[in-house]
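Observations on the model geometry
Each chain, letter by letter, is given below.
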Amino acid sequence: MGGVHPEENKISNDAAIEVMPVPSQMVVLMNQHLGAPATPVVQKGDKVKVGQLIGEAQAFMCANVHSPVSGTVAKVEPCKDAFGLAKPAVYINVEGDEWMETIDRTPDIKRECTLEPKQIVDKLKEMGIVGLGGATFPAHIKYAIPDGKKAEYLIINAAECEPYLTSDYRVMMEHAEEVCIGVSILRKALGVPNAYIGIESNKPLAIAKMQEMSRQFEGIIVEPLKVKYPQGAEKQLINAVTGRKVPSGKLPIDVGCVVSNLGTAFAVYEAIQKNKPLIENILTVTGKKLPSQHNYVVRIGTTYNDIIKHSIGELPATTGKVISGGTMMGKAVVNLDAPTVKGNSSVLVMDEGEARRNPETACIRCGKCMHACPMGLEPYMFSSLVKNNRIEEAKEHNILDCIECGCCFFSCPANKPLTDEIRLGKNKVRAMMAAKK
Amino acid sequence: MTQQILIAVLVLGAIGAFFAVVLYFVAQKFKVVEDPLIDEVAEVLPGANCGGCGKAGCRAFAEACVAQGNLEGLRCAPGGDVVMQKVASLLGCAAEAGEPQVAVVRCHPANCGENRRSNYDGLKSCAFANTVYTGENGCPFGCLGCGDCVAACQFDAIHMDAETGTPVVDEEKCTACGACAKACPRRVIELRNKGNKGRRVFVRCINKEKGAVAMKTCKNACIGCGKCAKVCPFEAITVADNVAYIDYTKCKACRKCVTECPVHAITDVNFPAPAKKPEAPKPAEEAPAANN
Amino acid sequence: MNLLNISGSPHVHSDESTKRIMWRVNMALIPALLVAIAYFGISALIISAISVLSCVLFQWLVEKYILKVPSTICDGSAVVTGLLLAFNVPATIDMMWIVVIGALVAIGVGKMAFGGLGKNPFNPALVGRVFLLISFPVQMTTWPDVSKVSFFGLDTVTGPTPLGLLKGRGAEALDQLPQAWDMFIGHIGGSFGEVSALAILLGAAYLCWKKIITWHIPVTFIGTAFVFSAILWLVNPVHVGVDPTDGMTKLLGFIDPLTTILTGGIMLGACFMATDMVTSPMAKSGQIIFGVGCGLLTVIIRTWGAYPEGVSFAILLMNSVTPLINRCCKPKRFAC
């Protein structure tokens, strides 16, 4: 149902993962995840090592933050994030590269995991693992299945249906074994018989590689998926793999599914088997007009400017937009001095011509938005309802079901900012519901 | 022939009479008793249904007035004292004289032009832009410039200045209904007393960032230095969260703070042009302010 | 460096635009126009040009002086209206000033009065056509005889259309009916854009290929007309007989389904006018209802109505229920 086919533009597919050098100063934001910010546990002047806990999760919906570098804490004060909003942060002056002794930095691959499910979840919490698919949902909450619910399927999202992004693809090509071990660990944590790795069938090499590797592991099934955006959206992925449909307003666990990103599985492997907290991102630096395409492993907290400087020197003069994430759901960045955070998957540089939206014209009621909507909603209608402040009606027409995939705006011949309008409408509906309570 | 006409007249007459009787009884049965005073009060209200009183519309306001029997806590801002006097005389109670107010945009126009750091290309809605980023000049507190206030105004009293990208209030038309202030997701717009001859002084910034950070985003940002509070003889100015605020009920428009402010964040409007004061703001800078 | 742009996601857009859709519809109308020029000569071209130019001009005037909005004449929608309106009139040269009036009604009343493109409840070209049909019934139903028109011949040699013949119910009509193949390639009398089913289907195929229309409306429209008329024809096929009510020898019964779908405006209506995005339902299920309704109404009007042709009225009637259909036929929600 629905969906669109944006140009894939996976131009950085063949760029092997390189290691980005550590910059001289690091800013680590305290809320790199969904939920409350972590509480800083270091002070100005403290020495920290790579992997040391610097922000502790004290709220329920929160994740630990670890130092990605070694050095001295310069200050603990707010820093503007990529969108210009001030967030609590720890500034670290980098000195050397001294890692915590507990972290296993050897290249050996460890397959056996002796931990019990409960211990695995505790360790995920300790290591600050969050979902790396974009939502950065703390993993220890997702894998602690609430009473009365039962997980039957573990689904690993390797669809990477977003244009341009190739970080998951590179991880599959270069770290297939680690990923499979990570998946086995997550499978054990949930106690489910099978884990499915969903990969869009436009990545035949990755499918072959993962299939070959998965044969060595029990209960890992590689599932080639139809090429369509948004195949990797949680509800669509569950439907494609299991045939189950998550009803409106419910969570995947309500139909017995747990979905994690492929990058998360890799991070889980490193956290559980190597004791390495989540301090690195695998990140694509790409753009049609860039002189070179890259995939990097980057210490979390490296600024956009540092990444750009190291990879391509400077932005082309015709740059129109810098996006963190893919073109369909990524976020446009305004502050290039901002540090990267957990879950960042790309620095996508778009040209001025590509980046500008065309002027809006009149809706011709073609219904393309409706046919493109993977949730079976009517975006054109939300547009007028939201404009006229008919919030109650928008709610009745299930505006909250929208997954903000952007298919409606993508397909609209009148260039109406439908996705923006729907997001605004969702906010208004939530505000209205909160006011009623 | 005559007979046919007669039949037609009789039949139609009978049908008419029958339905008249039916309608009469139905009307009696479903009669809604309503205080005629509500109609009278609604009659004197401006009828703009702006919602500035907090009610759903003018009729709802009239109902509230009649139900309450007095005007305590009820005020029609667009109608002002004239309308409130009329309502009071209808209700037979006293009307509290209210100070006439006007909407004031607390963000400096100089904020936008050359200080722009990004170009917003999305839905023209402040409420939405507010969820995406901080604003074209990077100020997380200032005007976003998408014109939600303009769209909210029913009196055509607020317009976007195409050059600065910040709204300008037309004092003549503004009725202080507060729709713009409510529409602004950042609460940049505030209702303030109009002041004697429209002369008033206010801090044209609500940036709560620390001075150094605020200065980086905007050269006219209030840095919370507190000089204005010290110089104020009426204790009208308070500084909280790195931003000064002038209490319009205490301010006597002496303008000591205006000259004291090191970043020209405090604006005075509708004062006669300064004659021989070199340190006062230049007329060019005051021009946009005078419209406010 | 430029200022960085910022907006909510998505940051890419398909290359689809209203302008492109409209110009593609114009492209799809070209085969029918060429056939018309081939059969009816230069006058078809002149009438099309006048119709298109006056539609564009009226739209420009209304936008500039009445609505005071930026002009949208470049988006090609007025050209589509102009072409469709021209296709709906007989290709005789004295139609010229009538076409201008039709264009004024189509653009002024049919479209701009509602606020312009996208807001009109009725297909503007059909509004113009029906206005002309009611106001100028003689001119609008006087067709040039295809077999007697020379390319530059501007004088009218009138001939009958198949539907006109049948409506007249003359006993001789049956012998004068053209062959199915002639009707398919368009060698028959009629409004000049409607005559060739082949050219129209070619255009429709192009639109389907470019995903501007889907098969739902054309197929259900034509299919329903075919099936419905086939049922009537099977019950009582067309024949010459004595009418029991007045004892006259005339045509009795119902015409065969092939003639039904190949004559008159069904092809043009089903492929180009019923599929107008603005005035047809959006959901597939709604489009099927719409097509079936159009097909039924067309045959009903043709068979029992006063006019020989019913496509325009059928589509306009279904246009009027489109909002209702849109309200009832919703897309299937995920997991519902």
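Residues numbered from 1 in each chain as written. Chains lettered and ligands numbered in written order. Predicted model: local features only at pLDDT ≥ 70, side-chain atom pairs only at ≥ 80, totals over all residues. Heavy atoms only, no water.

What about the overall build of chain B?
Assigned secondary structure in chain B consists of eleven helices and nine strands. Relative to its length of 292 residues, chain B is extended, with a C-alpha radius of gyration of 27 Å against a globular reference of 19 Å. Based on the C-alpha atoms only, the size of chain B along its principal axes is roughly 100 × 50 × 35 Å. Looking at chain B as a whole, 42% of its 292 residues qualify as buried. Once local pairs closer than 6 in sequence are excluded, the contacts in chain B between residues at least 24 apart make up 57%. Summed over all atoms, the accessible surface of chain B reaches about 15500 Å², with 58% contributed by carbon and sulfur. The centroid of the 33 positive side-chain charges in chain B is displaced by 6 Å from the centroid of its 30 negative side-chain charges. (Helix = DSSP H or I, 4+ residues; strand = E, 2+ residues; numbered from the N terminus. Rg over C-alpha atoms; globule rule 2.2 N^0.38 Å. Buried < 20%, exposed > 50% of the residue type's maximum accessible area, 1.4 Å probe, protein only. Contact = heavy atoms within 4.5 Å. Areas by Shrake-Rupley, 256 points an atom, 1.4 Å probe, with all protein chains shown as cover. Lys, Arg positive; Asp, Glu negative; His and termini not counted. Charge placed at Lys NZ, Arg CZ, Asp CG, Glu CD.)

Some remarks on the nonpolar core
All names here are of chain C. F192 and F272 are the most contacted members of the largest nonpolar core, which has 117 residues in total. Counting residues per element, this core draws most heavily on helix α1 (residues 18-40), at twelve residues. Ignoring anything within four residues of it in the chain, the contact list for F272 reads V25, A28, L29, L84, I200, G203, A204 and L207. (Core = buried A, V, L, I, M, F, W, Y, C linked by side-chain atoms within 4.5 Å.)

What about the pattern of salt bridges?
Residue and element names in this part refer to chain B. What the rule picks out here adds up to 44 salt bridges over all chains. Of the charged contacts in the structure, one is a salt bridge between E190 and R106, with a shortest N-O distance of 3.8 Å. Separated by 84 residues along the polypeptide, E190 in strand β5 (residues 189-193) and R106 in the loop between β1 (101-105) and β2 (118-120) bring together distant segments of the chain. The exposure classification of E190 matches that of R106, with both residues buried. (Salt bridge = Lys/Arg side-chain N within 4 Å of Asp/Glu carboxyl O.)

Things to note about the interface of chain A and chain C
Taken residue by residue, the interface counts 64 residues in chain A and 35 residues in chain C. Broken down residue by residue, the surface that chain A buries against chain C is led by I364, R365 and F410 of chain A, which jointly contribute 18%. With its nearest N and O atoms 3.2 Å apart, the salt bridge here joins E378 of chain A to K330 of chain C. Applying the counting rule to chain A against chain C returns 23 residue pairs in polar contact (both at pLDDT 80 or more). Sorting the residues of the side of chain A that touches chain C by element identifies α6 (234-242), β17 (319-324), β18 (331-333), α9 (352-355), α10 (368-372), α11 (379-387), α13 (407-411) and α14 (418-436) of chain A as the ones contributing at least two each. With five residues, the top contributor of residues to the side of chain A that touches chain C is β17 of chain A. (Buried area = accessible area lost by both parts, 1.4 Å probe. Polar contact = N/O pair within 3.5 Å; in protein donor to acceptor, adjacent residues only side chain to side chain.)

Let's talk about unusual backbone geometry
Residue P230 of chain A is reached from Y229 of chain A by a cis peptide bond, and omega for that bond is -5°. With omega at -5°, the peptide bond leading from S9 of chain C into P10 of chain C counts as cis. For P10 of chain C, the location among the structural elements is in the loop between β1 (4-6) and α1. Phi angles above zero are rare outside glycine, and E160 of chain A is one such case at about 45°. The phi torsion at N49 of chain B lies on the positive side, around 50°, for a residue other than glycine.

What to know about the side chain of N295 of chain A
Residues and elements named next belong to chain A. The residue N295 is located in strand β16 (residues 294-299) in this model. Polar contacts involving the side chain of N295 include one to the main-chain carbonyl oxygen of A15, which spans 2.7 Å. Within polar-contact distance, the side chain of N295 engages the side chain of T284 at 3.0 Å. Residues in contact with N295, not counting those within four places in the same chain, are S12, A15, A16, I17, E18, T166, S167, R170, L283 and T284.

Quick word on the interface of chain B and chain A
Contacts between chain B and chain A engage 17 residues on the former and 14 residues on the latter. For chain B, the biggest contributors to the area lost against chain A are D121, L123 and F128 of chain B; these three give 44% of the whole. Connecting chain B to chain A are two salt bridges. With a shortest N-O distance of 3.1 Å, E209 of chain B and K80 of chain A are connected by a salt bridge. Where chain B meets chain A, there are four residue pairs in polar contact (both at pLDDT 80 or more). When residues of the side of chain B that touches chain A are traced back to their parent elements, those giving at least two are β2, α5 (126-132) and α8 (211-217) of chain B. In terms of residue count, the dominant contributor to the side of chain B that touches chain A is α5 of chain B (four residues). Its residues assigned to classes, the side of chain B that touches chain A shows seven nonpolar, eight polar and two charged. (Nonpolar A, V, L, I, M, F, W, Y, C, P; charged D, E, K, R; others polar.)

Structural notes on the domain arrangement of chain B
Residue and element names in this part refer to chain B. When cut into domains, chain B gives domain 1 (36-91) and domain 2 (101-290). Computed from C-alpha coordinates alone, the two centres of domain 1 and domain 2 are separated by 31 Å. Listed per partner, the contact involves seven residues of domain 1 and six residues of domain 2. Our enumeration of links across domain 1 and domain 2 arrives at zero salt bridges. Our enumeration of links across domain 1 and domain 2 arrives at zero residue pairs in polar contact (both at pLDDT 80 or more). (Domains from an automatic or database assignment.)

Some thoughts on helix α8 (residues 304-312) of chain A
All names here are of chain A. Of the positions making up α8, those classed as buried are Y304, I307, I308, S311 and I312. For α8, the buried positions fall inside an angular range of 95° around the axis, keeping them on one side. Elements in contact with the buried residues of α8: β15 (280-286), β16, β17, β18 and β19 (346-351). G313 occupies a position one or two residues after α8 and carries a positive phi of about 85°. (Arc of directions from axis to C-beta.)

What to know about empty space enclosed by the protein
To find the voids left in a structure, one rolls a probe of water-molecule size over its atoms. Residue and element names in this part refer to chain C. Under the defined criterion, the tally for this structure stands at twelve cavities of 30 Å³ or more. In this structure, the largest cavity encloses a volume near 250 Å³. What lines the largest cavity is a set of 21 residues, and nearest its centre among them are M22, V80, F272, D276 and M277. Mapped by element, the contributors of at least two residues to the lining of the largest cavity are α1, α3 (77-87) and α5 (124-135). Tallying contributions element by element places α3 first for the lining of the largest cavity, with four residues. Here the residues of the lining of the largest cavity are counted per class, giving 14 nonpolar, five polar and two charged. (1 Å grid on protein atoms, 1.4 Å probe; cavity = no way out; pocket = protein on both sides within 12 Å on 5 of 7 lines; lining within 4 Å. Points joined across faces, edges and corners; volume = space filled by probe spheres on them.)

A few points about the packing of helix α2 (residues 36-44) of chain B against helix α3 (residues 58-68) of chain B
All names here are of chain B. Between α2 and α3, the shortest axis-to-axis distance is 8 Å and the interhelical angle comes to 125°. When the interaxial angle is binned, α2 and α3 end up oblique. The chirality of how α2 crosses α3 is right-handed. Note on element contacts: α3 touches α2 through R59, A62, E63 and V66, opposite L37, I38, D39, V41 and A42. For the contact of α2 with α3, the class distribution of residues is six nonpolar, no polar and three charged. (Axes fitted to C-alpha atoms, helices over the stretch in contact; angles between N-to-C directions. Parallel < 35°, antiparallel > 145°, perpendicular 65-115°, else oblique. Left-handed = near helix turned anticlockwise from the far one by under 90°.)

As for the side chain of S411 of chain A
Assignment of secondary structure puts S411 of chain A in helix α13. Polar contacts involving the side chain of S411 of chain A include one to the main-chain carbonyl oxygen of C407 of chain A, which spans 2.9 Å.

Some words on the packing of helix α2 (residues 42-67) of chain C against helix α4 (residues 96-111) of chain C
Axis angle and axis distance: for two packed helices, these are the angle between their axes and the distance between the axes, and together they describe the pair. Residue and element names in this part refer to chain C. Two numbers describe how α2 lies on α4: the axes approach to 9 Å, and their chain directions differ by 35°. You can see that α2 and α4 cross each other, and the crossing is right-handed. Two secondary-structure elements touch here, α2 through I46, I47, I50, S51, S54, C55, F58 and Q59 and α4 through M96, V99, V100, A103, L104, I107 and K111. Here the residues of the contact of α2 with α4 sort into eleven nonpolar, three polar and one charged.

Some details on the sheet that holds strand β4 (residues 47-48) of chain A
All names here are of chain A. If you trace the four strands from one edge of the open sheet to the other, you get β2-β10-β7-β4, paired in antiparallel fashion. In the strand order of this sheet, the two ends are held by β2 (25-29) and β4, each with one partner. Pairing analysis gives two bridges linking β4 to strand β7 (residues 71-76), with the strands arranged antiparallel. Bridge pairing links V48 to G71 in β7. (Pairing = 2+ DSSP bridges.)

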